[in-house]
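Given next are the chains, with one letter for each unit.
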Amino acid sequence: LHYKIVNSYKPELYLVGSNTVKTGIEMSGGAPAEEERDYQKPNKNADLSFWVIPDSKGLLKDMLHYCRRYEYCRDVIVLTSKKTSKEYHTYLQDHNFDYHIVGEDKVDLPLALDILSNKYSVNRIVADSGRILSNLVLEQNLASQISLLIHPTIVGNKAYNMFSNIKTPLKI
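From a predicted model like this one, the values you see are computed outputs, not experimental measurements.

A. How the structure looks around the layout of surface pockets. Of the volumes computed, that of the second largest pocket is approximately 560 Å³. S18, N19, P54, I132 and L136 are, among the 22 residues lining the second largest pocket, the residues nearest its centre. Elements with a contribution of two residues or more to the lining of the second largest pocket: α2 (18–27), α5 (109–119) and α6 (131–139). The biggest single contributor to the lining of the second largest pocket is α6, with four residues. In the lining of the second largest pocket, the residues fall into nine nonpolar, eight polar and five charged.

B. View of the packing of aromatic side chains. Applying the stated criterion across every chain, the model contains six aromatic pairs. Look at Y70 and Y72: their rings are 6.0 Å apart centre to centre, the planes differ by 50°, and that puts the pair in the tilted class. The class for Y70 is partly exposed, based on a relative accessible area of 26%. Grouped by ring-pair contacts, the aromatic residues Y14, W51, Y70 and Y72 constitute a single cluster. Against the face of F97 rests R68, its NZ or CZ located 3.9 Å from the ring centre.

C. Representation of α2 in the model. Listed in full, the buried residues belonging to α2 are S18, V21 and I25. Summarising the axial view, the buried residues of α2 lie within an arc of 65°, below the 170-degree limit, and thus occupy one face. Those residues of α2 that are buried lie in contact with β2 (49–54) and α3 (64–69). Following α2 by one or two positions, G29 has its phi on the positive side, about 105°.

What counts and what doesn't
- Residues numbered from 1 in each chain as written.
- Predicted model: local features only at pLDDT ≥ 70, side-chain atom pairs only at ≥ 80, totals over all residues.
- Heavy atoms only, no water.
- 1 Å grid on protein atoms, 1.4 Å probe; cavity = no way out; pocket = protein on both sides within 12 Å on 5 of 7 lines; lining within 4 Å.
- Points joined across faces, edges and corners; volume = space filled by probe spheres on them.
- Helix = DSSP H or I, 4+ residues; strand = E, 2+ residues; numbered from the N terminus.
- Nonpolar A, V, L, I, M, F, W, Y, C, P; charged D, E, K, R; others polar.
- Phe/Tyr/Trp six-rings, centres within 6.5 Å; stacked < 30°, edge-to-face > 60°.
- Buried < 20%, exposed > 50% of the residue type's maximum accessible area, 1.4 Å probe, protein only.
- Lys NZ or Arg CZ within 6 Å of the ring centre and 35° of its normal.
- Arc of directions from axis to C-beta.
- Contact = heavy atoms within 4.5 Å.

Dropping the structure here:
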C-alpha cells in the first residue's frame, strides 16, 4: 500500500536513504541469493521511477538486487562519494548499476539532484525516507512540497521525532 501511494505522486526519481532500504530488506527476511539476471539492467515500464539511493558507506553491497527486482522500481541509481570504497564501486559496475560520485566524504545532495535532474530529464522527485535523509532534504531547502503519510499505528515510547535534527524552523 505504501508504494502504491508513493507511486501515485508519479515521481521520475524516488529518493530513499540507504539505512531505510537496509532496514526494509532486513525486516522482510533479507535479500535472496543473486541470480544471473541481477547483473543486467531490467527492462521495466518507463512509468516506474528510478530509485536513487545515497550510499557513500556501501551499506547495500550485495543487497541492491532486491530493490532492482521490486515491482515498483524501474532500476536503482546509487549516489556515492570520493571516500566510498573502490570495492563498492566495483560491485556497482559489475552489476550494471548507474552510480554517481558526488561529494568528498558524504554525498553532496544538491549537486547530485542537479546532475540527476539534467541526466534523466526529471521534473518530480519524491523523497521517502527516515530522519537522516528527510532532515537533509529539508535543511538544504531541496523540497518544494511536503506530504506526510500517517499510518494508523500508535508506537508509544518506541517512537522517534522525525524532525528532531532540524536546527531552524522551516516554511515550505
